[in-house]
Amino acid sequence: MASSDKDCCTLCNDDGTSTKAVTWCIECEVFLCTDCEKHHKKSRISKAHNTMSTKDYHNLPKFMQEISSQCRDHKKKYELYCSFHACPCCVTCITDKHKKCQEMKPLSDILKQVKSSASVQLFEKDLKDVKENLDEIIKHLNSRINTSESQKTKAVEQIRSMRKSVDDFLNKLEREILDDLETKQSKLKSQMNTLLQQLKTQANQISKLQSEFSKMTKYATELQMYVGLREIEKTTSEASKKLEDLKSGGQLDEVNLELTISSELNSILKDVKSFGDIKFNNSPFTLQVKTGRKDQAQHLVPTITTLEQIKPSMVRHLTIPEDRKRLCIEGCGILPDGKYLILDNRFSYSCLLLFSNDGMFMREVVEFTEPTSDTCFVRNNTVAVALGLQNQTVLVDVEKNKIFKSINLSHKCLSVTSDGQILVISSPEKSTIVNLNDMSHKILEGVKANSVALFKGNIYGTIFRENKVCCYKSTGEALWTFMHDGIVYPQGITLDKNGLVYIVPGLNNCLLVVSPDGKNYKKILSEADGIKFLGAIDISRETGIMIVSSETSTDSDDSKSYRTATVYKI
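This section reports on the structure supplied with the text.

The rules behind the values
Residues numbered from 1 in each chain as written. Predicted model: local features only at pLDDT ≥ 70, side-chain atom pairs only at ≥ 80, totals over all residues. Heavy atoms only, no water. Helix = DSSP H or I, 4+ residues; strand = E, 2+ residues; numbered from the N terminus. Rg over C-alpha atoms; globule rule 2.2 N^0.38 Å. Buried < 20%, exposed > 50% of the residue type's maximum accessible area, 1.4 Å probe, protein only. Contact = heavy atoms within 4.5 Å. Areas by Shrake-Rupley, 256 points an atom, 1.4 Å probe, with all protein chains shown as cover. Lys, Arg positive; Asp, Glu negative; His and termini not counted. Charge placed at Lys NZ, Arg CZ, Asp CG, Glu CD. Polar contact = N/O pair within 3.5 Å; in protein donor to acceptor, adjacent residues only side chain to side chain. Pairing = 2+ DSSP bridges. Axes fitted to C-alpha atoms, helices over the stretch in contact; angles between N-to-C directions. Phe/Tyr/Trp six-rings, centres within 6.5 Å; stacked < 30°, edge-to-face > 60°. Lys NZ or Arg CZ within 6 Å of the ring centre and 35° of its normal. Expected span 1.5 Å × (residues − 1). Core = buried A, V, L, I, M, F, W, Y, C linked by side-chain atoms within 4.5 Å.

Moving on to the overall build of the protein. Helix and strand content of the protein: nine helices and 30 strands. Relative to the 2.2 N^0.38 estimate, which gives 25 Å for 570 residues, the radius of gyration of the protein is 49 Å and therefore markedly larger than a compact globule would have. Dimensions of the protein, computed from the C-alpha atoms along their principal axes, are close to 170 × 95 × 50 Å. Split into buried and exposed, the 570 residues of the protein put 35% on the buried side. For the protein, the share of sequence-separated contacts (at least 6 apart) that also reach a separation of at least 24 residues comes to 43%. Within the structure as shown, the protein displays about 36000 Å² of accessible surface, and the carbon and sulfur contribution to it stands at 52%. Distance between charge centres in the protein, computed from 78 positive and 74 negative side chains, equals 3 Å.

Dropping the structure here:
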């Protein structure tokens, strides 16, 4: 472990002096000055120790500086590795915490060439994928924040627009009722003023007669009085009659202005409890992110499954209907639900066939007007089909039985493979990676393959005429090449969950499996197992089920052979 005073020589510091350190001993886990380093190299015990400069040491991440080569519990050097617990152990750990652990290995074997192992590339890719995922999600969340601000602005505009609409509508109704009130009150007032003027005129006439009546009685002659009384009688009689007419005609009835507010308007105050509702409308996260590998730590330890342990056991032959026994299988695949796909390609006829989990024919998915050369599962209900010499690959919806997208390329499309995020389309000239999220293309000039497969970011391909199998990085850089007399005209290729490479040699009537480093191989199926003329192959890494196209014969007549696909458990 590193000292807190890491720039000073640990040994000198123990003696009470401060000397600048120039070296870090990885084995002793101490800093050394120039003089102490010389003694350290001369010592029989420490001369073989690995050291590094203090500058390089400080370039290590902080968490790596804290990693010790000694057991914290027993203060002894780690010498063993427990595969069950996936941790290093000292000799005392075995009797302390790992008594029942069977998979104990020398730590030196585990650490051998760890920096150059495939795990480094895999974890580098994992870090890259996780960072890209985080960047994409952060970008997505920032976009969502901006979207929510826009949604808020839009909602505010809608609220204010609705408020304005309500205000405008109520203002209109208010103006209408005020105008109606004014009109009706003015009419009533005019009628009452007219009647009032008439009554005032009559009242003035009566008042005038009242004032002149005393003069009549005092100064008028008998004749004048007689005639005058008749005039007064007539006038009062007419006035009384008019009053009776006004009373009986209702002109003197009280007319009151009353306002009745619309019940619908009143209901707004009663029934409307809020201006609206603000709620969240959730929708599934649709951004495509790169899927991380499961059980990543296991890749730091050599895989338990070896070539010698691979022993396929036959499960079944696909049952081919009588009217389809002349089929020519160019590709086969296993769907996530366990059903099987067969690509039947003949000169005048090509179609994608679906078989059930028990190997029975179900239906024809899609018929093609062009020759086809390979198929693979992509994701969801989608499979890809390569159209061979047409420089085109199509995406097929297996559930809806239809082609929904065509991918046009600048080269032939002989083989396809996918991990759900990318689609690799290969040819003997070059290959193309298609990003399934945005359908962008990336041409790999160095990747040439008649048949292609993907595993943990690397691309594997067979080169038919050169009798070899190659492994490439996703950038197109070659990692290894495998050639052997047992491989003649290699065709189909796939990998299992352990990275073992399964190859179908076209002329050898056998199936080979090659180690992940491309150095060793084993023959696991041959004509002695009842199959010949193998071609297409696929493996479900989740279930360990393998399907291989081959030729078989009926039980009653060996001469009547036909093409089918055989299912194995590996």
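Here we take up the environment of Lys 325. Here Lys 325 shows up in the loop between strand E7 (313-317) and strand E8 (329-334). Note: C-alpha distance between Lys 325 and Ile 433 (108 residues apart in sequence) is 35 Å. Leaving out residues up to four positions away in the same chain, Lys 325 has contacts with Ile 320, Tyr 562 and Arg 563. Among the polar contacts made by the side chain of Lys 325, one reaches the side chain of Glu 322 at a distance of 3.0 Å.

Below, the discussion takes up the sheet that holds strand E10 (residues 350-355). The four strands lie next to each other as E8-E9-E10-E11, forming an open sheet whose pairing is antiparallel. Two strands bound the open sheet, and with one partner strand each, they are E8 and strand E11 (361-368). Sheet twist, expressed as the average angle between the axes of neighbouring strands with direction ignored, equals 20 degrees.

To describe a pair of aromatic rings, one takes the distance between the centres and the angle between the planes. Scanning all chains against the criterion turns up seven aromatic pairs. Ring geometry for Trp 24 versus Tyr 57: centroids 4.5 Å apart, planes at 35 degrees, classification tilted. Note that Trp 24 is positioned in strand E1 (residues 23-25) and Tyr 57 in helix H3 (residues 54-59), a separation of 33 residues in sequence. With a relative accessible area of 6%, Trp 24 lands in the buried category. Counting every residue linked through ring pairs, the aromatic cluster contains Trp 24, Phe 31 and Tyr 57. A cation sits over an aromatic face here: Lys 325 above Tyr 562, 4.4 Å from the ring centre.

The first and last C-alpha atoms of helix H8 (residues 222-248) sit 38 Å apart over 27 residues, in line with the 39 Å expected at 1.5 Å per residue. Where H8 terminates, the next one or two residues include Gly 250, which has phi positive at roughly 80 degrees.

Leu 318, Tyr 340, Ile 342, Phe 355 and Ile 547 are the most contacted members of the largest nonpolar core, which totals 17 residues. Of all the elements in the fold, those that place two or more residues in this core are E8, strand E9 (340-345), E10, strand E29 (545-553) and strand E30 (561-569). Residues in contact with Leu 318, not counting those within four places in the same chain, are Tyr 340, Ile 342, Phe 355, Gly 359, Ile 547, Thr 564, Ala 565 and Val 567. One finds Tyr 502, Leu 511, Ile 539 and Val 548 within the second-largest nonpolar core, a separate group that totals 16 residues.

Our focus in this paragraph is the pairing of strand E15 (residues 402-408). Bridging between strand E14 (residues 392-397) and E15 involves six bridges; their strand directions are antiparallel. Bridge pairing links Asp 397 to Lys 402 in E15. Here E14 hands over to E15 after four residues, with Asn 401 in that stretch at a positive phi of 55 degrees.

This is a description of form; function is not addressed.
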